[in-house]
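# Geometric and topological summary
The lines below spell out each chain.
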Amino acid sequence: MPKKRSGGGLSPTQQAAKFLGVSVLAGVVMAGIALPAAGALGLAAKGSVQGFDEIPANLKSPQLSQRTTILDNQGKQIATVYSRDRTVVDLKDISPYMQKAIVAIEDARFYKHGAIDLKGVLRALNKNAQQGGVAQGASTLTQQLVKNYFIEEAGDDPTKVAEATQQTLGRKVKELKYAIQIEEKLGKKKILENYLNITFFGEQAYGVEAAAQRYFSKHAKDLSLQEAALLAGVVQSPSRYDPVNDEAEAAKRRNIVLQRMADVGDISQKEADEAKRTPLGLHPSQPKNGCITAVKGAGFFCDYVRDIVLNDPVYGKTQETRAKLWNQGGLTIRTTLDPQAQESVQASVKDHVYQSDPVATAAAIVEPGTGKILAMGQSRPYGFGRNETQINLSVNSNMGGGAGYQGGSTFKPIVAAAAIEGGKPPTQQYPSPYEMPYPSPVQQCDGKVWRNDPGNPAKLTNENESEHGPYGMKEATAKSVNTYYVQLISDIGICPVTQMAKRMGVERADGRVMDQAPSIALGTQEVSPLTMANAYATFASRGIYCTPVAITSITQKVGSEQKSLEVPKSTCSRAMSQKTADTVSTLLKGVVEDGTGQEAGLGDRPSAGKTGTTDERYAAWFVGYTPNMAGAVWVGDPQHKRQMINITIGGVPHEKVFGGEVPGPIWRDMMTGALAGKPAQDFHLIDIPDDNNKGGKGNGRGKGHGGTGGGKNGDSTGGIGGLIGGLTDGGTTDGTTGDTTGGTFPTPTISLPGNFIQGQGNGGNGNGGWRG
């Protein structure tokens, strides 16, 4: 801006500004806001208006809020989101008809006057005096642009918007000074371009490009004469002249604009008359704003991306700064979402669990070794209606999810990994009776110990009475034997398990610290599908854990320039040795081939995984992986109220729901589609000998003894020996052979002391040979 001359005098611009501030202010104010002359002059005289020279010299053009486009990993659009639907375009990309129409109706002398149209002021004063009110205003396009700057800067804050639009002398004076500055700095063409990009055209459309799309489904550069006239007419009162809701009123206003264009010589009278006779020709498009419009059921993933921007300090040090970035928009966000995987997840979810079912399902797929989230979906769609939700059932509460769900036996592989990493061989055997009290004491972190109540000890059982050991880790994992894993965690201590879980990214969905109790081996801690999918990806990547990521790049449009923004990177670290990870993969491959997860098998493609069903059947899981993808499926009631007993899910009745029976097939189908066309890689397997020297199974009638001998041919003295030999029934199945397949389905009866959380205990599942 010009400065004072060396002699202390004002520059010509400043002299003109001061002259205008004194000479024209009262008239402009009266014309623009219809205050009585005496009142206006009186206010000025009393000094209630900030002095013209005291107003800050520089008005910065605000960065206009625009739509943000979210893309998948192939560059295809997932959704558009915006605080204000706007796409900024250059003047050359706006129809000449539109440029002429807006000038003709809003400021016909635009190219002839400066920032303030003195002739227009006098004309408005005279007209208003004749009418006894406000018949005409005197604001130029430049002044209107300044006013819109104030409104844009206010954003969605109602208090700031009110301040930006209040009819006061102070605001009018500020508007005048900045109008003079803008005229000198930008020039007429840029002012017109900025005005057409900032002004509101109704129907959620800000700027002429969005308006052209909203009303005519075309670009602003392609607007015809009558279409341009219609949009120009809307500006004065977008609600009154809304053509979607009142075509007749909008047509009258359009014809006024057409006549005005003829009067000022922009078009001939013949052209105006012909255009007036044409219908409005509306071809409106519905506003497509927000994650609710996302394709392929990716609304929740879209929300997850938004939460990353709003929460990650890489996008601003404060919540307010990050929110401003999101609301201003103009972002193009390329994500990790794989359209093939996403479509497969949604198809499988829809096929197996209906939206109207009393329970829901959620699933997530990640890429091992990178942390990239490839898919995220659920049976209850994004929305506000019945059986719809805005809660992302796949993620933690701090990212738009709920409080999580007990993971059941899907936590057992983490216990196995901690044990193997600490030196336990996968051939480690424990007596593993059908029923037993939690062993005590058990070492916790920081030197503390957990103790069972000797007077009323908490107990646990396996899913079936036929399940009793001794077992080694291979068979205990395949059959998901609860008592084996509780003895294992009691042997190695709780701390190695919680530390391993932390290294694998496993945390409670509600943000609480994981409990220090042996029951965590049975999956009593509430977790999310994304957490479990990414944890199992650690096994798939041979021990490397990578933090989950959803964004690969972001560019932001600033003016006509595109600038790249920093994005969060996945951090990868070794959670366990390759040998440990490969050993767990060998164990979990057995679950799919010979254990509780057979219904999740992928046929010829190698896979590994683990089933899980929580106590009282409030949740059921399957979490599994191939070397190139890991996925988790949860089924249950998000409110934790509906037990999955005597229930119909996806049109199929179930007496009891098990992890291998409902989540397993969902996982199988979603992974089959996601992996189609991708190489069928194999695991690095470890040779784990089958369990040897296992005691007899008993005949289902006799009691076990404390010795270590092995009964044979149904001998009633089948040994369970070791740590708790002789403590429990040696096998009381319904059959007479003591066979481990079949048997009854006892309801777990576990007495819990006060320091146990609700729902812990039997984390296994199964139906005869289908357990886990």
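Heads up: the structure comes first, above all this text.
The notes below deal with the structure included here. Since the structure is predicted, the reported quantities are computational estimates derived from the model, not experimental observations.

### What to know about the overall build of the protein chain
Assigned secondary structure in the protein chain consists of 23 helices and 24 strands. Burial analysis of the protein chain (772 residues in total) assigns 55% to the buried set. For the protein chain, the exposed surface amounts to about 31800 Å²; the carbon and sulfur share of it is 49%.

### A closer look at the sheet that holds strand S2 (residues 77-81)
Ordered in space as S2-S1-S3-S15-S16, the 5 strands form an open sheet in which the pairing is mixed. Each having just a single partner strand, S2 and strand S16 (561-565) make up the two edges of the open sheet. Averaged over all pairs of adjacent strands, the angle between strand axes in this sheet comes to 20 degrees, irrespective of strand direction. Bridging between strand S15 (residues 551-558) and S16 involves 5 bridges; their strand directions are antiparallel.

### Concerning unusual backbone geometry
Cis geometry is found at the peptide bond from Ser440 to Pro441, where omega equals 0 degrees. Here Pro441 is to be found in the loop between strand S8 (435-437) and strand S9 (442-443). Look at the link from Gly469 to Pro470: it is a cis peptide, with omega at 10 degrees. Structurally, the position occupied by Pro470 is in the loop between strand S11 (459-461) and strand S12 (471-472). Even without being glycine, Asn387 reaches a positive phi, approximately 60 degrees. Along the polypeptide, Asn387 turns up in the loop between strand S5 (373-378) and strand S6 (405-406). The phi dihedral of Ser432 falls on the positive side, at around 55 degrees, and the residue is not glycine. Taking the relative accessible area as the measure of exposure, Ser432 reaches 0% and is therefore buried.

### As for helix H15 (residues 319-328)
Of the positions making up H15, those classed as buried are Arg322, Leu325, Trp326 and Gln328. The inward-facing, buried residues of H15 abut strand S1 (68-71), S2, helix H14 (299-311), strand S3 (331-335), S15 and S16. In the segment just after H15, Gly329 is the residue with positive phi, at about 65 degrees.

### Re the packing of aromatic side chains
Summed over the entire model, instances satisfying the criterion amount to 13 aromatic pairs. On the numbers, 6.2 Å between centres and 70 degrees between planes, the contact of Phe150 with Tyr178 is edge-to-face. One end of the pair, Phe150, is in helix H6 (residues 141-154); the other, Tyr178, is in helix H8 (residues 169-186), and 28 residues separate them in sequence. Its relative accessible area of 15% is what places Phe150 among the buried residues. Between the aromatic rings of Phe539 and Tyr625, the centroid separation amounts to 6.2 Å while the plane-to-plane angle is 40 degrees, which identifies the pairing as tilted. Taken together, the residues Phe539 in helix H21 (residues 529-540) and Tyr625 in strand S19 (residues 619-626) connect sequence positions 86 residues apart.

### Notes on the sheet that holds S5
Across the sheet, 5 strands lie side by side as S5-S4-S20-S19-S18; this open sheet has antiparallel pairing. One side of each edge strand has no neighbouring strand; the edge strands of this open sheet are S5 and strand S18 (608-613). With strand direction ignored, the average angle separating the axes of adjacent strands in the sheet is 5 degrees. In terms of strand pairing, S19 meets strand S20 (residues 629-636) through 8 bridges, oriented antiparallel. Residue pairing across strands places Tyr625 opposite Ala630, the latter belonging to S20. Against the sheet, helix H22 (residues 578-594) contacts S18 and S19, and its axis sits at roughly 65 degrees relative to S18.

### Brief notes about the pairing of S5
With 6 of 6 residues buried, S5 is to be regarded as a mostly interior element. Taken together, the 5 bridges between strand S4 (residues 360-366) and S5 define a ladder with antiparallel strand orientation. Counted as the bridge partner of Ala362 is Gln378 from S5. Between S4 and S5, which pair antiparallel in sequence order, lie 6 residues; one of them, Gly369, sits at a positive phi of approximately 85 degrees.

### What to know about helix H19 (residues 482-492)
Counting buried positions over the 11 residues of H19 gives 10, a clear majority of the element. Residues of H19 that are buried: Asn482, Thr483, Tyr484, Tyr485, Val486, Gln487, Leu488, Ile489, Ser490 and Ile492. After H19 finishes, the residue Gly493 shows a positive phi value of roughly 95 degrees.

### So, the environment of Thr538
By secondary structure assignment, the location of Thr538 is in helix H21. By relative accessible area, which is 0% here, Thr538 ends up buried. Once residues within four sequence positions are removed from consideration, Thr538 is found in contact with Met504, Gly543, Ile544, Tyr545, Ala575, Met576 and Ala581.

The rules behind the values
Chains are numbered independently. Their residues run from 1 in the order of the written sequence. The predicted nature of this model means local features are confined to residues of pLDDT at least 70 and side-chain atom pairs, given and counted, to a pLDDT of 80 or more, with totals for whole chains, interfaces and linings taken over all residues. Based on all heavy atoms of the structure, the side-chain values leave hydrogens and waters out of the count. Secondary structure counts use DSSP, requiring at least four H or I residues in a row for a helix and at least two E residues in a row for a strand, with both numbered from the N terminus. Accessible area is worked out with a 1.4 Å probe on protein chains only. A residue is then buried under 20% of its type maximum, exposed over 50%, and partly exposed in between. In this description, accessible areas are obtained by the Shrake-Rupley approach with a 1.4 Å probe, and a residue is regarded as covered only by the protein chains that are shown. By definition, two strands form a pair when at least two bridges between them are found by DSSP. Every angle, taken between N-to-C directions, lies between 0 and 180 degrees, and every axis is a line fitted to C-alpha atoms, over only the stretch in contact when it is a helix. Contacts are assigned to residue pairs with any non-hydrogen atoms lying within 4.5 Å of each other. Put simply, two rings from Phe, Tyr or Trp (the six-membered ring, in Trp's case) pair if the centres are within 6.5 Å, and we call them stacked under 30 degrees between planes, edge-to-face over 60, tilted for the rest.

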